[in-house]
Amino acid sequence: MSAPGESDVARFKRLAAERAVESIQPGMVVGLGSGSTAAFVVHRLAALRAEGKLSGVVGVPTSVGTEELARSLGVPLTTLEEHPVVDLTIDGADEVDSHLRLIKGGGGALLREKIVAQASRRVLIVVDAGKLSPRLGTHWPVPVEVLPFGWRSQALFLEGLGARITPRQGRDGTPYRTDQGNLVLDCAFGPLEHPEELAMRLEARAGIVEHGLFIGLTSELVVAGPDGVEHRRPA
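About the thresholds
- Residues numbered from 1 in each chain as written.
- Predicted model: local features only at pLDDT ≥ 70, side-chain atom pairs only at ≥ 80, totals over all residues.
- Heavy atoms only, no water.
- Buried < 20%, exposed > 50% of the residue type's maximum accessible area, 1.4 Å probe, protein only.
- Helix = DSSP H or I, 4+ residues; strand = E, 2+ residues; numbered from the N terminus.
- Pairing = 2+ DSSP bridges.
- Axes fitted to C-alpha atoms, helices over the stretch in contact; angles between N-to-C directions.
- Contact = heavy atoms within 4.5 Å.
- Arc of directions from axis to C-beta.
- Polar contact = N/O pair within 3.5 Å; in protein donor to acceptor, adjacent residues only side chain to side chain.
- Parallel < 35°, antiparallel > 145°, perpendicular 65-115°, else oblique.
- Left-handed = near helix turned anticlockwise from the far one by under 90°.
- Nonpolar A, V, L, I, M, F, W, Y, C, P; charged D, E, K, R; others polar.

**Concerning the pairing of strand E12 (residues 220–225)**
Working step 1: By the criterion of burial, E12 is predominantly enclosed, with six of the six residues buried.
Working step 2: Here E12 shows two buried faces, one formed by Glu220, Val222 and Ala224 and the other by Leu221, Val223 and Gly225.
Working step 3: Note that strand E6 (residues 120–128) and E12 share five bridges and pair parallel. For Ile125, the partnering residue across the bridge sits in E12 and is Leu221.
Working step 4: Of the pairings in the sheet, the one linking E12 to strand E13 (residues 228–232) comprises five bridges and is antiparallel in character. The residue bridging Leu221 from the neighbouring strand is Arg232, located in E13.
Working step 5: Counting the residues in the hairpin turn of E12 and E13 gives two residues.

See below:
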């Protein structure tokens, strides 16, 4: 059932998030993703805790925004310093291909999201059906987080790899800053035939802090659309 005024896309995100939360067990350390879909996860987790369920669950937020939301809803939080291994991370994605490779970082939290994902035993991605793609880069640029120092050199390097660069801006028109104080260059490469090769080249470049290609990290995918909610695993 839709909430009053809820769009179809928002309903699909909420349904996918609610299905994903069913994977949380009492006592788990849970990575809490960032973005609109992940926010539904935090709300559902808070609601279940208010009903006396999922006792002992603590969350590891992947952004300041998620941390603030979780605290406002009474979800207990922890850190990777206290719990360096995360049982389950639930997060969204901007684009997903058939191999469950992802583009993430539309909300700017790609570095913390990848740190938490790599520290997790399982990573469950929740999306609406509109995020599915035949090939990464078809619908979404690859966000690249760079140090402010020498960022124009990184832009030239990325253009040399074939990207059309758009420095991300905040709502006030100033350069967007991540939670770490870095810049984000949105890189439109077009459909990527070999995303692993691009990821390796980005990781080898000094000054590039992180990129939004999440490869080999997704354990499961929950996708919701007009045909219902589907739970997928890598082939």
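**Brief notes about the sheet that holds strand E7 (residues 142–146)**
Working step 1: The strand order E8-E9-E7-E10 describes an open sheet built from four strands, whose pairing is antiparallel. Among the strands making up the open sheet, the edge pair consists of strand E8 (164–167) and strand E10 (208–211). Averaged over all pairs of adjacent strands, the angle between strand axes in this sheet comes to 30 degrees, irrespective of strand direction.
Working step 2: Relative to the sheet, helix H4 (residues 110–118) contacts E7 and E10, its axis offset from that of E10 by approximately 65 degrees.
Working step 3: Where helix H5 (residues 151–160) meets the sheet, it contacts E7, E8, strand E9 (183–188) and E10, and its direction lies at approximately 15 degrees from that of E9.

**A closer look at the sheet that holds strand E5 (residues 102–103)**
Working step 1: An order of E4-E5-E11 is seen for the three strands of this open sheet, with the pairing classed as antiparallel. Whereas interior strands pair on both sides, the edge strands pair on one side only; in this sheet they are strand E4 (95–96) and strand E11 (213–214).
Working step 2: Here E4 pairs with E5 via two bridges, running antiparallel. Within E5, the residue paired with Glu95 across the bridge is Ile103.

**Here we look at helix H6 (residues 195–203)**
Residue pairs three or four apart in sequence face the same way in an α-helix, which turns once every 3.6 residues.
Working step 1: Among the residues making up H6, those that are buried are Pro195, Leu198, Ala199 and Leu202. One side of H6 holds all its buried residues, which, seen down the axis, span an arc of 100 degrees. Seen from the open side of H6, the exposed residues pointing more than 90 degrees away from its buried face are Met200 and Arg201.

**Some remarks on the side chain of Ser120**
Working step 1: Assignment of secondary structure puts Ser120 in strand E6.
Working step 2: At 2.7 Å, the side chain of Ser120 and the side chain of Thr89 are in polar contact.
Working step 3: Separated by 2.6 Å, the side chain of Ser120 and the backbone oxygen of Val116 make a polar contact.
Working step 4: Ser120 has contacts with Val86 and Thr89, leaving out every residue within four places of it along the chain.

**Points about the packing of helix H2 (residues 36–50) against helix H3 (residues 64–72)**
To describe two helices that pack against each other, one gives the angle between their axes and the distance between the axes.
Working step 1: At a minimum axis separation of 10 Å, H2 and H3 run at an interaxial angle of 25 degrees. The pairing of H2 with H3 is recorded here as roughly parallel in orientation. The two elements H2 and H3 cross, and the hand of that crossing is right-handed. In this structure, H2 uses Ala39, Val42 and His43 to contact H3, whose residues at the interface are Thr66, Leu69 and Ala70.

**With respect to the packing of helix H1 (residues 8–21) against H2**
Working step 1: It is at 8 Å that the axes of H1 and H2 come closest, and there the two elements cross at 50 degrees. If you check the angle between H1 and H2, you find them oblique. As for how H1 packs across H2, the hand of that crossing is right-handed. Residues Ala10, Lys13, Arg14, Ala17, Glu18 and Val21 of H1 form the contact with H2, whose participating residues are Ser36, Thr37, Phe40, Val41, Arg44 and Leu48.
Working step 2: Residue classes in the contact of H1 with H2 are distributed as six nonpolar, two polar and four charged.

**Quick word on the environment of Arg49**
Working step 1: Mapped onto the fold, Arg49 is located in helix H2.
Working step 2: Under the relative-accessibility criterion, Arg49 is labelled partly exposed at 28%.
Working step 3: Considering only alpha carbons, one finds Arg49 and Gly162, 113 residues apart in sequence, at a separation of 48 Å.
Working step 4: Leaving out residues up to four positions away in the same chain, Arg49 has contacts with Leu54, Gly56, Val57, Gly74, Val75 and Pro76.

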